[in-house]
Amino acid sequence: MNVRTAIFLALAIACYFTSQSLELRGDIAPVAEHGVSTERATYHIAALVLLVGALALFVAAGVSLFSKKARLRADKKSPSATA
């Protein structure tokens, strides 16, 4: 696993847990009498955006980890491949 993949995974995990925190914060926000309050909607939309970002980072990390091109690049950079 290269550094890029580790950074993507760390950012994805951070985005996921932040998303869960924002969702809970939105659930705690007061309910409006006439429908959805803007405070609740703001927290839930922000949580959704972070969750989609976390998903994209997880996919990018998986592609980086398992792609043939990435493995070939790593093999070319290693000094043992030239020996």
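Residues numbered from 1 in each chain as written. Predicted model: local features only at pLDDT ≥ 70, side-chain atom pairs only at ≥ 80, totals over all residues. Heavy atoms only, no water.

Participant: Please clarify how the overall build of the protein chain should be interpreted in this entry.
Facilitator: Of the regular secondary structure elements, the protein chain holds 3 helices and 0 strands. Overall, the protein chain shows an N-to-C arrangement of helices and strands of α-α-α. Relative to its 83 residues, the protein chain shows a buried fraction of 19%. Surface summary for the protein chain: the accessible area is close to 6,300 Å², and the carbon and sulfur share equals 69%. (Helix = DSSP H or I, 4+ residues; strand = E, 2+ residues; numbered from the N terminus. Buried < 20%, exposed > 50% of the residue type's maximum accessible area, 1.4 Å probe, protein only. Areas by Shrake-Rupley, 256 points an atom, 1.4 Å probe, with all protein chains shown as cover.)

Participant: Help me understand the nonpolar core, please; the structure alone is not making it clear to me.
Facilitator: As a rule of thumb, soluble globular proteins bury nonpolar side chains together. Core analysis: the biggest nonpolar cluster contains 6 residues, these being F8, A12, C15, A54, L57 and A61. Contributions of two or more residues to this core are made by helix 1 (3-28) and helix 2 (38-66). Those residues in contact with L57, other than ones at most four positions away along the chain, are F8, L11, A12 and C15. (Core = buried A, V, L, I, M, F, W, Y, C linked by side-chain atoms within 4.5 Å. Contact = heavy atoms within 4.5 Å.)

Participant: Explain the side chain of S19 to me, please; I cannot follow it from the model alone.
Facilitator: By secondary structure assignment, the location of S19 is in helix 1. By relative accessible area, which is 2% here, S19 ends up buried. Excluding residues within four positions of it along the chain, S19 makes contact with A47, L50 and L51.

Participant: Got a minute to help me understand the environment of L50 in this structure?
Facilitator: Residue position: L50 is located in helix 2. According to the relative accessible area criterion, L50 is partly exposed, its value standing at 24%.

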